[in-house]
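# Survey of secondary and tertiary structure
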Amino acid sequence: MNIIVMKPEQIRKYVGDRFQAQLKEIPHSVLGMTTGSSPLKFGIYDEFIKRGQAGNMDFSEAAIVNPDELLGIPQDHPETYRTYMKEHLFNDINVNPLNTHIPDSDPENPEDECKKFDELIDKLGGVDLQLMGLGENGHIAFMEPKEAIPASTYVVDLEEQNRPAADAFADGLEVPKQAITVGLRYVMKARAIIVVAIGASKASIVKEAFTGPVTTKVPATFLQLHPNVTIILDEESAKELPEELYQVL
Ligand code: GLP
């Protein structure tokens with residue numbers, strides 16, 4: 001694990017440089033994205049868009065995958081991750097929409113959808129570079145803490161604090177209580193991973209995730225076993241870590 005502490009305003013450049021280098025080396029890369037607040041708050045997708053428009057990032061041959069999606073709402077609902085990705089990234093870069101892959105939020109048979117997603121990832125040859133957030137309860141993608149976590153993609157019951165806010169569902173639909181998420185195999189097989197975990201609210205889970213014992217009760221601890229992970233922190237989220245564990249940019 002390579003842990004780097006930087007100022008929040010440095011994140012977009014660091015992540016932009018990594019993804020740009022990946023695309024330059026392998027134009028048909030499989031890029032893994034994430035939802036959550038960090039990519040927006042720190043301007044990561046905005047950076048991809050700017051670099052794309054300036055001709056420095058070419059997504060035309062790339063595939064983009066997202067590892068999770070809420071379950072039980074129509075695909076075009078404003079709260080789906082598909083809608084989030086379209087609004088914040090896909091619509092403004094030159095990726096072929098046919099090469100963007102997110103589990104279906106409203107499949108006829110969720111178990112079949114999970115299987116289909118695993119087959120797709122296998123067919124793509126796995127993810128080359130995955131951007132990831134860190135949930136305050138230690139979830140990555142949407143693998144919630146449990147006694148055991150599947151290796152393959154599965155339907156997960158979401159913890160209450162991780163469900164979308166009820167006011168987004170004033171349209172009469174029920175707030176999703178489940179999601180489809182990749183399992184541990186997807187994460188362990190990704191060739192490189194960048195995790196962004198910023199702010200004081202992440203300090204205690206950062207310590208647990210990256211220095212604690214590996215356990216499915218803190219899914220992010222599995223990242224300790226991965227051969228190519230970069231963790232991006234700021235001063236606040238790093239404050240419980242021993243200084244010798246990280247470098248400061
Ligand atoms: C959602 C996503 C996760 C992400 C998490 C935290 O729950 N499904 O993949 O890790 O948000 O992200 P953030 O702290 O950036 O909001």
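My aim in this report is to walk through the structure given alongside it, one point at a time. (Residues numbered from 1 in each chain as written. Predicted model: local features only at pLDDT ≥ 70, side-chain atom pairs only at ≥ 80, totals over all residues. Heavy atoms only, no water.)

## Quick notes on helix H5 (residues 110–124)
Convention followed: The way it works is that DSSP assigns letters per residue, a run of H or I at least four long becomes a helix, a run of E at least two long becomes a strand, and they are numbered from the N terminus. Expected helix span is given by 1.5 Å per residue-to-residue step, counting one fewer step than there are residues. Working definition: with a 1.4 Å probe on protein chains only, accessible area under 20% of the residue-type maximum means buried, over 50% means exposed, and in between means partly exposed. As used here, the arc belongs to the directions running from the helix axis to the C-beta atoms. Contacts are assigned to residue pairs that have any heavy atoms within 4.5 Å of one another. Pairing of N or O atoms within 3.5 Å defines a polar contact, subject to two protein rules: one partner must be a possible hydrogen donor and the other a possible acceptor, and residues neighboring in sequence count only if both atoms are side-chain atoms.
Taking 1.5 Å per residue as the helical rise, H5 with its 15 residues ought to reach 21 Å, and the 21 Å between its terminal C-alpha atoms agrees with that figure. All of the buried residues along H5 are Glu113, Cys114, Phe117, Asp118 and Ile121. In a view along the axis of H5, the buried residues occupy a sector of 140 degrees, so they form one face of it. For H5, exposure combined with an orientation more than 90 degrees from the buried face picks out Glu111, Lys115, Lys116 and Lys123. Buried-residue contacts for H5 involve strand E3 (63–65), strand E5 (100–101), strand E7 (154–157), strand E8 (178–181) and helix H6 (184–189). Residue Asn109 occupies the N-cap position of H5, its side-chain oxygen lying 2.9 Å from the main-chain nitrogen of Glu111. Note on H5: the residue one or two positions beyond its end, Gly125, has a positive phi of about 85 degrees.

## Looking at helix H7 (residues 203–211)
Looking at H7, one finds that the buried residues are Ala203, Ile205, Val206, Ala209 and Phe210. Buried residues of H7, seen end-on, are gathered within an arc of 160 degrees and therefore sit on one face of the element. As for H7, its buried residues are in contact with strand E1 (2–5) and strand E10 (229–233).

## Describing the site of the ligand
For the record, the criterion: Here a residue is near a molecule or strand as soon as one of its heavy atoms is found within 4 Å of it. The protein chains shown are the only cover counted for residues, whose accessible areas, like all others here, come from Shrake-Rupley with a 1.4 Å probe. In the scheme used here, Gly and all other residues not listed as nonpolar or charged are polar, with Ala, Val, Leu, Ile, Met, Phe, Trp, Tyr, Cys and Pro taken as nonpolar and Asp, Glu, Lys and Arg as charged.
Not every one of the 13 residues close to the ligand is listed here, only the nearest: Ser37, Ser38, Asp68, His139 and Lys202. Interatomic distance of 3.3 Å between a backbone N/O atom of Gly133 and an oxygen atom of the ligand. Burial of the ligand by the protein amounts to 86% of the accessible area it has alone, namely 390 Å². Partitioning the shell around the ligand into residue classes produces four nonpolar, seven polar and two charged.

## Quick look at unusual backbone geometry
The phi angle at Ala141 is positive, at roughly 45 degrees, despite the residue not being glycine. Relative to the helices and strands, Ala141 is located in the loop between strand E6 (129–133) and E7.

## Description of the sheet that holds E7
Strands pair in a sheet through their backbones, by hydrogen bonds, and they do so in one of two ways: parallel or antiparallel. Worth spelling out the cut-off: Between any two strands, pairing holds if DSSP finds at least two bridges. Lines fitted to C-alpha atoms define the axes, with helix axes restricted to the stretch in contact, and inter-axis angles between N-to-C directions lie between 0 and 180 degrees.
Strand order in this open sheet of three strands is E4-E8-E7, and the pairing throughout is antiparallel. Strands at the two margins of the open sheet, each flanked by one partner only, are strand E4 (68–70) and E7. Put simply, the sheet's adjacent strands are angled 30 degrees from each other on average, direction ignored. The sheet contact formed by E4 and E8 spans three bridges and is antiparallel. Across the sheet, Leu70 pairs through a bridge with Ala179, a residue of E8. H5 rests against E7 and E8 of the sheet, and its axis sits at about 120 degrees to E7.

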